[in-house]
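Architecture at a glance
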Amino acid sequence: MKILVPVKRVIDAYVTVRVKADESGVETSNVKMSMNPFCEIAIEEAVRLKEAGNAEEIIAVSAGSMQCQETLRTALAMGADRAILIQTEESDLQPLAIAKLLKAITDKENPGLVLMGKQAIDGDHNQTGQMLAALLNWAQGTFASKLDLESDSITVTREIDGGLETLKLKMPAVITTDLRLNEPRYASLPNIMKAKKKPLDVTTPEELGVDITPRYKTIKVSEPPKRQAGTMVESVQDLIEKLHNEAKVI
Amino acid sequence: MPVLVIAEHDNNTLKVSTHPVISAASQLDADIHVLIAGSNAAAAAEEAGKVSGVVKVLHADDAIYAQGLAENLGALIVQIAKDYTHILAPASFFGKNIMPRVAALLDVQQISDITAIESSDTFVRPIYAGNAFATIQSTDSPKVLTVRPTSFDAAAAEGGSASIDQIDSAAETGLASFVGQELTKSERPELAIADIVISGGRGFGSAENFNKLMEPLADRLGAAIGASRAAVDAGYVPNDYQVGQTGKIVAPKLYIAIGISGAIQHLAGMKDSKVIVAINKDEEAPIFSIADYGLVGDLFEIIPELEKALAS
């Protein structure tokens, strides 16, 4: 079985994001970029499935600018076998367009499983996996914290509002990863070197015949309302007095 | 044309996430219909019909909707979508799971987690863990939206007198089946709607300490218990306690963060709380920069003292 793992290049999770003064977006120049943390979890899970003998090949795929090759090299260094970049200069790639691009790749590669992050930490949409499953008419196992692979089905434990839910999905399926599925490995130096020699193919939305025209327009991006730091209290008694008499919340 | 709200319910009662979505829908100046898809869910349908502002309830009753599987529920929503300008659901794990599937099947780009409605096609939503807010204008029809429940007042549970129409099921897709669920049992208020939330972080050091210290305080305050990702990852509490960018978004009247340093991913889930209290031994912790009241000290001493003082 092949596993397809879509990955996204995003502003690093530890960078403080700043809104541009003209409200056209957020500052991305000279900002550290990394693989979206949920995508790392997806790559890790795919590598574990391969190590356990449940998969033969892992294909990492990303859509975006030339720079996404770096993210794909990281995926290769973590254990993916080959990579595909869907290269485009469209700076506003929206989830439906990405899902359509991924469908086109899935149709070509015929993976038994698509494993991907539940959400990218830039747009926070949480859509692409569900959309891909819909376009393929496949089952979806979103927010997965545990997977059990059987011959023609996969049992997925999902994080839901009140706890956990377990579903059995027909294969092939789309799985989206939650934080507790695994802890991703760091790529070792020898593997980073080896990754440079692994195949990385480049295609385009045009070659795949996919229309990626944005469906919404961003009018402005603004700063959130700022919360002012309040007062430091000296003691528990002081705190209770303030909550009772000043804030009136207890 | 009317707008459609996808209700979240457990077949008996509506989940509290549904009422703010009905309130958001009322800003669109159209008749509001509510879909109850469930199994033996007549009680939930009746309850939905009484919510203020609802004019019609569509009730699809079928065993295939008992657990809200996205594949089957998505097919049902798509079947009725053509009659609506907007389709809305809560941005809870339920809505997040189902709505993108619906949007893709309708070939529209969903707008996720809206916090304000500016007009029938323009919405505000947080991006980058709430470090920025995007105002976006959708060109799609229908518009598929998920709504952040804490950003809208809940519609009143009484006041409506909607008709209840039984509707046909869509075909069972056969793609997924329900195996089981493990729900966290608690007598305390639900985290998403509690007036007071006390949240703990890695500072507790163990699950035993977390429970031993937090439970009496929560009981004393009538509070729900939340946690940072660090505390959940360390196994102190179950996953559904997690407050943050990818966990639960809460906005209680009082939020007390104890032993939580305040990573931006955590702040994204609680910074709309009315009053924030931070208790941390590290006076440099980022949580203090957004707290209304800060207390520097050892949580192992402060919590028992706080609990005792509240008792008197």
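The structure contained in this document is the topic of the report that follows. Sequence order as written defines the numbering, with residues in each chain counted from 1. Following the order in which they are written, the chains are lettered starting with A and the ligands numbered starting with 1. Since the coordinates come from a predicted model, pLDDT governs what is reported: local features require at least 70, and pairs of side-chain atoms require 80 or more to be given and counted, while whole-chain, interface and lining totals use all residues. To get the side-chain values, take all heavy atoms of the structure and skip hydrogens and water.

1. With respect to the interface of chain B and chain A
The line we're drawing: Any pair of residues with heavy atoms lying within 4.5 Å of one another is described as a contacting pair. The buried area of a pairing is the accessible area, by a 1.4 Å probe, that goes missing from both parts when the two are put together, added over both. Between Lys or Arg on one side and Asp or Glu on the other, a salt bridge is scored when a side-chain nitrogen of the former is within 4 Å of a carboxyl oxygen of the latter. Identification of polar contacts relies on pairs of N or O atoms within 3.5 Å, with a donor-acceptor requirement for protein atoms, meaning one able to donate a hydrogen and the other able to accept it, and with residues adjacent in sequence counted only if both atoms are side-chain atoms. To qualify as a helix, a DSSP run of H or I must reach at least 4 residues; to qualify as a strand, a run of E must reach at least 2; elements of each kind are numbered from the N terminus.
On the chain A side, the residues contacting the 86 residues of chain B number 75 residues. Of the roughly 6700 Å² buried at the junction of chain B and chain A (both faces included), carbon and sulfur atoms supply 55%. Looking at the side of chain B facing chain A, the largest losses of area belong to Gln109(B), Tyr128(B) and Tyr293(B), adding up to 12% of the total buried there. Viewed at the interface, chain A and chain B are joined by five salt bridges. Among the salt bridges present, the one from Lys100(A) reaches Asp107(B), with a minimum N-O distance of 2.7 Å. Counting across the chain B and chain A interface gives 49 residue pairs in polar contact (both at pLDDT 80 or more). In terms of residue count, helix H4 (residues 93-105) of chain B provides more of the side of chain B that touches chain A than any other element does, nine residues in total.

2. What to know about the sheet that holds strand S5 (residues 111-114) of chain B
Residue and element names in this part refer to chain B. This is how it is decided: For two strands to count as paired, DSSP must find a minimum of two bridges between them. Lines fitted to the C-alpha atoms define the axes, with helices restricted to the stretch that makes contact. Angles between their N-to-C directions range from 0 to 180 degrees.
Reading across from one edge, S5-S9-S4-S1-S2-S3-S10 is the order of the seven strands in this open sheet, with parallel pairing throughout. Looking at which strands have only one partner, the edges of the open sheet turn out to be S5 and strand S10 (163-166). Here the average twist between neighbouring strands, direction ignored, is 25°. Along the sheet face, H4 touches strand S1 (3-6), strand S4 (86-90) and strand S9 (143-147) and points at about 155° away from the line of S4.

3. As for the pairing of strand S8 (residues 132-138) of chain B
Remember that side chains alternate between the two faces of the sheet whenever the strand is regular. Keep this limit in mind: Partly exposed residues are those whose accessible area sits between 20% and 50% of the maximum for their type, while under 20% is buried and over 50% is exposed, using a 1.4 Å probe and protein chains only.
Within S8(B), six of the seven residues are buried, which leaves it mostly tucked inside the rest of the structure. Relative to S8(B), strand S12 (residues 216-222) of chain A runs antiparallel, the two sharing six bridges. Along S8(B), the bridge assignment pairs Tyr216(A) with Ser138(B). Both strand S7 (residues 122-127) of chain B and S8(B) contribute to a ladder of six bridges, which runs antiparallel. The partner of Phe123(B) across the bridge, within S8(B), is Ile136(B).

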